[in-house]
Amino acid sequence: MASLLLCFILCFSSLSVTLSEQLLLLPLTHSLSKNQFNSTHHLLKSTSTRSSMRFHHHHHHHKKLNKQQQQQVSLSLSPGSDYTLSFTIGSNPPQPISLYMDTGSDLVWFPCSPFECILCEGKSTTTTPPPPKLSKNATVSCKSPACSAAHTSLSSSDLCAISHCPLDYIETSDCSSFSCPPFYYAYGDGSLIARLYKDSLSVPTSSVPSMLLPNFTFGCAHTTLGEPIGVAGFGPGLLSLPAQIATVSPQLGNRFSYCLVSHSFNQYRVHRPSPLILGRYDDKERKDNSGVDGSDSDSDSAEFVYTSMLDNTSHPYFYSVGLKGISVGKRNVAAPEIVKRLDRSGNGGTVVDSGTTFTMLPASLYNSVVAEFDRRVGRVHERASEVEDKTGLRPCYYYDGKVVNVPAVVLHFVGNGSSVALPRRNYFYEFLDGDKKKNVGCLMLMNGGDDEELSGGPGAILGNYQQQGFELVMIGPGAILGNYQQQGFEVVYDLEKKRVGFARRQCSSLWDKLNQNQN
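Here goes a summary of the coordinates provided. Note that this is a predicted model, so its numbers are computed, not measured. (Residues numbered from 1 in each chain as written. Predicted model: local features only at pLDDT ≥ 70, side-chain atom pairs only at ≥ 80, totals over all residues. Heavy atoms only, no water.)

Before going further, it helps to examine the overall build of the chain. Of regular secondary structure, the chain possesses 14 helices and 28 strands. Buried residues in the chain amount to 55% of all 519 residues. Long-range pairs, those at least 24 residues apart, make up 72% of the contacts in the chain between residues at least 6 apart in sequence. When the accessible surface of the chain is split by element, carbon and sulfur atoms take 51% of a total near 21,700 Å². (Helix = DSSP H or I, 4+ residues; strand = E, 2+ residues; numbered from the N terminus. Buried < 20%, exposed > 50% of the residue type's maximum accessible area, 1.4 Å probe, protein only. Contact = heavy atoms within 4.5 Å. Areas by Shrake-Rupley, 256 points an atom, 1.4 Å probe, with all protein chains shown as cover.)

On to the pattern of salt bridges, then. Within the structure shown, the criterion is met by 13 salt bridges. Residue R383 is joined to D374 by a salt bridge in which the shortest nitrogen-to-oxygen separation is 3.4 Å. Judged by its relative accessible area of 33%, R383 falls in the partly exposed class. Overall, the relative accessible area of 24% leaves D374 in the partly exposed class. In this structure, R394 engages E388 in a salt bridge whose closest nitrogen and oxygen atoms are separated by 3.9 Å. E388 sits in the buried class, given a relative accessible area of 5%. Put simply, D374, R383, E388, D389 and R394 are held in one network by salt bridges that share partners. (Salt bridge = Lys/Arg side-chain N within 4 Å of Asp/Glu carboxyl O.)

Right, let's talk about the state of the cysteines for a bit. All chains considered together, the criterion is met by six disulfides. Note that C165 is cross-linked by a disulfide to C175, the S-S spacing being 1.9 Å. Since a negative S-S torsion denotes a left-handed disulfide, the C165-C175 link at about -75° is left-handed. Linking C165 in the loop between α4 (156–162) and α5 (167–171) with C175 in the loop between α5 and β7 (183–186), this pair joins segments that are 10 residues apart in sequence. By relative accessible area, C165 is classed as buried at 6%. Shown here is the disulfide that connects C259 with C507, its sulfur atoms set 2.0 Å apart. The chirality of the disulfide connecting C259 with C507 is left-handed, given an S-S dihedral of about -70°. Within this pair, whereas C259 is found in strand β11 (residues 255–259), its partner C507 is found in helix α14 (residues 507–517), the two being separated by 248 residues in sequence. Both residues of the pair, C259 and C507, count as buried. (Disulfide = S-S within 2.5 Å.)

Bringing the pairing of strand β20 (residues 409–413) into the picture now. Consecutive side chains of a regular strand alternate in pointing toward one face of the sheet and then the other. A large share of β20 lies buried, amounting to five of its five residues. Burial along β20 is two-sided: V409, L411 and F413 facing one way and V410 and H412 facing the other are all buried. The pairing of strand β15 (residues 323–328) with β20 spans five bridges and is classified as antiparallel. For V328, the partnering residue across the bridge sits in β20 and is V409. Here β20 folds back onto strand β21 (residues 419–421), and the loop between the two strands holds five residues, one of which, G415, carries a positive phi near 90°. (Pairing = 2+ DSSP bridges.)

Right, let's talk about the nonpolar core for a bit. Judged by nonpolar contacts, the single largest core of 71 residues is most densely connected at F87, F218, Y258, F373 and Y493. With six residues, the single largest contributor to this core is helix α9 (residues 363–377). Non-local contacts of F218, meaning those with residues more than four positions away in its chain, are made with I89, V108, F110, L134, R195, L196, Y197, K198 and D199. (Core = buried A, V, L, I, M, F, W, Y, C linked by side-chain atoms within 4.5 Å.)

Strand order in the open sheet made by the four strands is β16-β15-β20-β21, with antiparallel pairing throughout. The open sheet has two edge strands with one neighbour each: β16 (331–334) and β21. On average, adjacent strands in this sheet sit at an angle of 20° to one another, irrespective of strand direction. Where β20 meets β21, three bridges bridge the pair, whose relative direction is antiparallel. Paired with L411 across the strands is V420, a residue of β21. (Axes fitted to C-alpha atoms, helices over the stretch in contact; angles between N-to-C directions.)

Most of β11 is tucked away: five of the five residues are buried. Residue alternation in β11 divides its side chains into two sets, R255, S257 and C259 and F256 and Y258, and both sets are buried. Relative to strand β27 (residues 489–494), β11 runs antiparallel, the two sharing five bridges. Across the sheet, S257 pairs through a bridge with V492, a residue of β27.

By secondary structure assignment, the location of T88 is in strand β4 (residues 83–89). Looking at T88, the relative accessible area reads 16%, which means it is buried. Within the structure, the side chain of T88 is placed 2.3 Å from the side chain of S202, a separation counted as a polar contact. (Polar contact = N/O pair within 3.5 Å; in protein donor to acceptor, adjacent residues only side chain to side chain.)

Empty pockets left among the atoms are what a rolling probe the size of a water molecule brings to light. Enumeration over the complete set of coordinates arrives at five cavities of 30 Å³ or more. Taken as a whole, the second largest cavity holds about 60 Å³ of empty space. Listed by contribution, the elements that provide at least two residues to the lining of the second largest cavity are β15, β18 (359–362), β20 and β26 (479–481). Among the residues making up the lining of the second largest cavity, the classes are represented as eight nonpolar, two polar and no charged. (1 Å grid on protein atoms, 1.4 Å probe; cavity = no way out; pocket = protein on both sides within 12 Å on 5 of 7 lines; lining within 4 Å. Points joined across faces, edges and corners; volume = space filled by probe spheres on them. Nonpolar A, V, L, I, M, F, W, Y, C, P; charged D, E, K, R; others polar.)

Here T356 lies in the loop between β17 (350–352) and β18. Here T356 falls in the buried class, since its relative accessible area comes to 1%.

Below, the discussion takes up the packing of aromatic side chains. By the definition in use, this model includes 14 aromatic pairs. Each ring, one from F234 and one from F256, has its centre 5.2 Å from the other, and the planes form 65°; the classification is edge-to-face. A residue pair is termed long-range when its members are at least 10 positions apart, and F234 in the loop between β10 (230–233) and α6 (241–248) and F256 in strand β11 qualify at 22 residues. F256 matches F234 in its accessibility class, with the two residues each being buried. Aromatic side chains Y258 and Y493 sit 5.7 Å apart centroid to centroid with 40° between the ring planes, which places their arrangement in the tilted category. Of the two residues, Y258 sits in strand β11 while Y493 sits in strand β27, which places them 235 residues apart along the sequence. Classification of Y258 as buried rests on a relative accessible area of 0%. Looking at Y493, the relative accessible area reads 0%, which means it is buried. Ring pairs connect the aromatic residues F234, F256, Y258, Y319 and Y493, which therefore count as one cluster. Over the aromatic face of Y398 sits the side chain of K438, whose NZ or CZ is 5.0 Å from the ring centroid. (Phe/Tyr/Trp six-rings, centres within 6.5 Å; stacked < 30°, edge-to-face > 60°. Lys NZ or Arg CZ within 6 Å of the ring centre and 35° of its normal.)

By themselves, these observations are geometric and do not establish any function.
Have a look at this one:
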């Protein structure tokens, strides 16, 4: 199975990545491999744990550092995506790289040779190319805007001082030969130290000339902890992949979408590419605001339902929208304020994230949804408590026969009557419990924790840390819409109009259609 997956990646790395004035089409490869897991329970537990860790890292206490500690800067989000894409870096010779696609971070980084990954046992790296070797002459200056962006809000003068640039050079703005200092990223389940580099990044294609970004800025890591694969950040930010493409081609960088082929943790269903689309192609905006049809019969003609992005100047690395409520059957469960809008500090909202697998909800909303779901399903079917403990998902139910009746689940976003009905497979996963040889199904939404804790709540700022040179602040979103719930939808990020759209698609057919039109 591993060799087949490797063959798939290598084949699609050399397949047509197409470019026109309006559209750039790239294949996303799903990294699921059950060879890494000894059971479905193990696979689901690993995935649910990673989703929870990533979500709670959003609410990690972020440090405002004193002068002696300014070179250590925490990244807002940790990588956790299941979808990878491939490029080549450099030109002498060009070297392949394979990266996770992540709308929840805004930096491109990858391992560089020589490379050491600590505590990476059990994390598959067999399908990724070897780390590239980079010239030290390609480092970024400490006075560049890119260096300040990588170190959050630190000024170029501070960064040049950390790089040991003499004071008279700093005062005369003559520090261009001093490199941007390394930065430390702390993730939910790993970390890394990286330096900024500039080199050419190309999108390979067999049908048209490659798209070349001659001065692409990225992070190069020689040592990581638990992070064997790099990340292509698609979030808002100066160093994200779309932002850097926009400097060369605004029509390609200001709008992108992806359509994730539905896999339902079936390793035999992930061999089709999921299209990642940079730029614009013919589509239609819904005029009747009636929402997206949630039936399992896919349609390539469905029109987009849009909801506005929330303007978050405090934490601009999120694509946040407002979630108004969730319908379970005929009952509409209202969402708390924390997921509808942002507070004065920029916390709250619902992040649309390709890098988190399962949707995470605050406890009050999650418990209400589960109560209504269990009221409808639990009165007919036995709760599978042991499966819940083994997978980290709940509620789960045993059932006889081939089908269990579950209520429809609809997401209601703020504004424009934008409602999105989830297909059944996007929120209820059915499999065979190998221990009891029974059919079991689980709700695929997760509890993100107490509402008060997520919104900051009492004690969000701990004064005693200020005496040590720290101000410890709780920040983060109220909820996350994960990539498992996004399967079978084309999700578009319209950065010009500041909105996110959803349309039901047969994603493998969309890849074939767009690829054919571009050749």
